[in-house]
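Structure at a glance
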Amino acid sequence: MIEFAEAILGDDDDRLQVARRAIHDTLGADAVVDSAGVAGLFNAIDRIADSTGAPLEADKAEMTAALREEIGIDAFAARKEALDAAAKTAAE
Amino acid sequence: MVEIVYDDSPYAVREDIVSAQQRAWSRLSQAGSWLTGDERVKVMAETRHARTCATCEKIKYALSPFAITDPHDAGTDLPENWVNMIHLIVADPGRLTHGWYKKTLDSGIPATHFIEIVSVIAHTTAIDTFAKGIGVPVRALPKAEEGEPSHYRPKEARQHQAWAPNIAWDEFGPNEADYFVGPEANIRRALTLVPDEARGFFDVASAQYLSGPQMRDFSEEFRAITHLQIELLAARVSALNQCTY
């Protein structure tokens with residue numbers, strides 16, 4: 001699944017074909033379709049969230065705080081703030 | 001009108017996915033709330049074109065996406081500020097900032113148009129990535145249809161914590177009562193400044209991912225991959241996109 005996610009967002013067609021085949025051989029043909037559906041949907045929904053500034057719900061943020069810190073998601077938000085600060089400084 | 005079919009796919013595609021994508025293609029070809037059908041199909045085309053833009057490639061590897069000021073390689077005659085917006089959302093969504101949002105609006109794109117453009121990009125991305133996933137070429141774009149935008153803006157939409165105005169889960173009016181069903185989710189509010197776009201996108205979501213009730217029903221599996229496998233895949237895609245939601 002992780003390999004399929006990485007391959008579908010990348011540019012290496014051979015890698016994607018191998019990942020697709022692995023899902024097919026392990027979970028069946030329908031699993032390839034469902035995996036493509038989910039990956040496609042989240043590739044889109046991430047763009048909706050990131051371009052509209054949709055905040056994470058407070059209860060979800062609290063429940064996932066430790067995990068988010070551990071896997072580095074918090075760093076993405078901090079980087080956005082740094083980018084905005086740098087842009088503001090450059091404009092001044 | 002070009003219909004989506006997957007006759008060339010080595011995998012049998014679920015009928016509900018085909019139907020949802022056909023409905024999406026049909027909606028995208030017609031005038032929306034703020035954009036004409038012609039503009040919507042051009043946004044779809046520009047979304048695809050952005051994937052091969054040399055400036056976008058530079059942006060991905062730059063320390064700041066705003067440090068690159070080269071013009072984007074436009075594939076349509078859409079206004080330059082639309083092209084800039086589309087290309088950055090396609091190329092580097094994880095580094096979009098509130099400052100970028102405000103600057104984009106200041107360039108002359110009203111929030112209503114902004115949301116509709118985001119929605120068209122998202123629809124195109126979801127359906128194109130699906131095609132890539134099953135190993136077939138992207139489907140032909142629909143032919144734009146005549147018609148005028150409705151200019152419908154729900155009076156309940158206002159500024160909240162998100163950058164873009166939206167309707168709060170407990171503030172919807174009668175026109176949107178069909179949409180605000182089930183537990184609150186900020187992502188479902190994100191496009192509600194243009195309610196038909198929110199409805200349309202989550203129609204595709206129900207087929208390609210899961211419907212709201214299916215998401216929360218762990219007593220049954222609804223796909224050929226389990227809830228756990230679905231969430232693992234979704235989480236990895238979102239992490240690669242550096243999505244903080």
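Residues numbered from 1 in each chain as written. Chains lettered and ligands numbered in written order. Predicted model: local features only at pLDDT ≥ 70, side-chain atom pairs only at ≥ 80, totals over all residues. Heavy atoms only, no water.

All names here are of chain B. By the secondary structure assignment, leucine 210 is in the loop between helix 8 (195–208) and helix 9 (212–216). C-alpha separation for the pair leucine 210 and isoleucine 230, spaced 20 residues apart in sequence, amounts to 9.4 Å. Once residues lying within four places of it in the same chain are set aside, the contact partners of leucine 210 are Ala205, Met215, Phe222, Arg223, His227 and Ile230. (Helix = DSSP H or I, 4+ residues; strand = E, 2+ residues; numbered from the N terminus. Contact = heavy atoms within 4.5 Å.)

What follows is about helix 1 (residues 15–29) of chain B. In this model helix 1 of chain B runs 21 Å from its N-terminal to its C-terminal C-alpha over 15 residues, within 8% of the 21 Å that 1.5 Å per residue would give. Of the surrounding secondary structure, the elements contacted by the buried residues of helix 1 of chain B are helix 3 (29–52) of chain A together with helix 2 (37–50), helix 6 (111–134) and helix 8 of chain B. (Expected span 1.5 Å × (residues − 1).)

Attention now moves to a negative patch on the surface. All names here are of chain A. Taken together, Asp11, Asp12, Asp13 and Asp14 make up a surface patch of like negative charges. Positionally, aspartate 13 belongs in helix 2 (residues 13–27). For aspartate 13, a relative accessible area of 54% corresponds to the exposed category. (Patch = residues over 30% accessible without salt bridge, like charges linked within 9 Å, V, L, I, M, F, W, Y side chains within 5 Å. Areas by Shrake-Rupley, 256 points an atom, 1.4 Å probe, with all protein chains shown as cover. Salt bridge = Lys/Arg side-chain N within 4 Å of Asp/Glu carboxyl O. Lys, Arg positive; Asp, Glu negative; His and termini not counted. Charge placed at Lys NZ, Arg CZ, Asp CG, Glu CD. Buried < 20%, exposed > 50% of the residue type's maximum accessible area, 1.4 Å probe, protein only.)

Residues and elements named next belong to chain B. In this structure, threonine 192 sits in the loop between helix 7 (186–189) and helix 8. For threonine 192, the side chain forms a polar contact with the main-chain oxygen of arginine 189, separated by 2.6 Å. Sequence-distant contacts of threonine 192, defined by excluding residues within four places in its chain, comprise Pro154, Asn166, Ile167, Tyr179, Phe180 and Ala198. (Polar contact = N/O pair within 3.5 Å; in protein donor to acceptor, adjacent residues only side chain to side chain.)

This part covers the interface of chain B and chain A. Tallying the contact residues gives 65 residues for chain B and 51 residues for chain A. Roughly 5400 Å² is buried in total at the junction of chain B and chain A, and carbon and sulfur atoms are behind 68% of that figure. Summed over the three residues of chain B that lose the most area to chain A, namely Tyr11, Leu233 and Thr244 of chain B, the buried surface amounts to 13% of that side. At the boundary of chain B and chain A, one finds two salt bridges. Aspartate 34 of chain A serves as the salt-bridge partner of arginine 14 of chain B, at 2.8 Å between the closest nitrogen and oxygen. At the junction of chain B and chain A, the tally comes to 24 residue pairs in polar contact (both at pLDDT 80 or more). Of the residues forming the side of chain B that touches chain A, the biggest block, eleven residues, is contributed by helix 6 of chain B. Among the residues making up the side of chain B that touches chain A, the classes are represented as 43 nonpolar, 17 polar and five charged. (Buried area = accessible area lost by both parts, 1.4 Å probe. Nonpolar A, V, L, I, M, F, W, Y, C, P; charged D, E, K, R; others polar.)

Residues and elements named next belong to chain B. Enumeration over the complete set of coordinates arrives at zero disulfides over all chains. Here cysteine 243 is not disulfide-linked; the sulfur of cysteine 56 is the nearest cysteine sulfur, at 19 Å. A relative accessible area of 4% places cysteine 243 in the buried class. (Disulfide = S-S within 2.5 Å.)

Inspection of the entire model under this criterion finds nine aromatic pairs over all chains. Here phenylalanine 42 of chain A and tyrosine 209 of chain B contribute two aromatic rings whose centre-to-centre distance is 4.9 Å and whose plane-to-plane angle is 90°, an arrangement assigned as edge-to-face. Within this pair, whereas phenylalanine 42 of chain A is found in helix 3, its partner tyrosine 209 of chain B is found in the loop between helix 8 and helix 9, the two belonging to separate chains. Taken as a pair, phenylalanine 42 of chain A and tyrosine 209 of chain B share a single burial class, namely buried. A ring pair is formed by tyrosine 101 of chain B and tryptophan 163 of chain B, whose centres lie 6.1 Å apart and whose planes are at 35°; its orientation type is tilted. With tyrosine 101 of chain B in helix 5 (residues 98–106) and tryptophan 163 of chain B in the loop between helix 6 and helix 7, this pair connects stretches of sequence that are 62 residues apart. Residue tyrosine 101 of chain B is classed as buried on the basis of its relative accessible area of 4%. (Phe/Tyr/Trp six-rings, centres within 6.5 Å; stacked < 30°, edge-to-face > 60°.)

Keep in mind that these numbers describe shape and distance, not what the molecule does.
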